[in-house]
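An overview of the molecular structure
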Amino acid sequence: MDMETVTLSQIVEKLVPELSSFLTKRELAINIVLRDGLAVLEPEDAREIVHHSICEHQIEALLQ
């Protein structure tokens, strides 16, 4: 399968909608590149992506 670029909101909406209320609009708009596409992601994969994205976003905010 080819790489696919999606927003974090697409991942959250499809696999872990219960996490959407914990994310900001800016975080939900982050682009994520998936090696094997959205179709093969599991909920645990989505949780890991959300966790990593939030951590990266917080680091960037602290550096500004």
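Residues numbered from 1 in each chain as written. Predicted model: local features only at pLDDT ≥ 70, side-chain atom pairs only at ≥ 80, totals over all residues. Heavy atoms only, no water.

**Some words on the overall build of the chain**
A count of helical and extended segments in the chain gives three helices and two strands. Along the chain, helices (α) and strands (β) appear in the sequence β-α-α-β-α when read from the amino end. In terms of C-alpha radius of gyration, the chain reaches 12 Å, essentially the compact-globule figure of 11 Å for 64 residues. Overall size of the chain, expressed as C-alpha extent along the three principal axes, is 35 × 25 × 15 Å. Every one of the 64 residues in the chain was classed for burial, and the buried ones make up 30%. Taking the contacts inside the chain whose residues are at least 6 apart along the sequence as the reference set, 70% of them involve residues at least 24 apart. Here the chain contributes 5 positively and 12 negatively charged side chains, and the mean placements of these two sets differ by 5 Å. (Helix = DSSP H or I, 4+ residues; strand = E, 2+ residues; numbered from the N terminus. Rg over C-alpha atoms; globule rule 2.2 N^0.38 Å. Buried < 20%, exposed > 50% of the residue type's maximum accessible area, 1.4 Å probe, protein only. Contact = heavy atoms within 4.5 Å. Lys, Arg positive; Asp, Glu negative; His and termini not counted. Charge placed at Lys NZ, Arg CZ, Asp CG, Glu CD.)

**So, the environment of L8**
Its place among the elements puts L8 in helix α1 (residues 8-15). C-alpha separation for the pair L8 and L41, spaced 33 residues apart in sequence, amounts to 13 Å. Leave out the neighbours within four places in its chain, and L8 touches L23, E27, L28, I30, I32, I49, V50 and S53.

**Observations concerning α1**
Considered for burial, the residues of α1 that qualify are L8, S9, I11, V12 and L15. When α1 is viewed along its axis, its buried side chains cluster within an angular range of 160° and face the same direction. (Arc of directions from axis to C-beta.)

**Structural notes on the confidence of the model for the chain**
Per-residue confidence for the chain averages 90 on the pLDDT scale, and 91% of its residues sit at or above 70. Mean pLDDT across the elements of the chain ranges from a minimum in helix α3 (residues 43-63), with 84, to a maximum in α1, with 97. (pLDDT = per-residue confidence, 0-100.)

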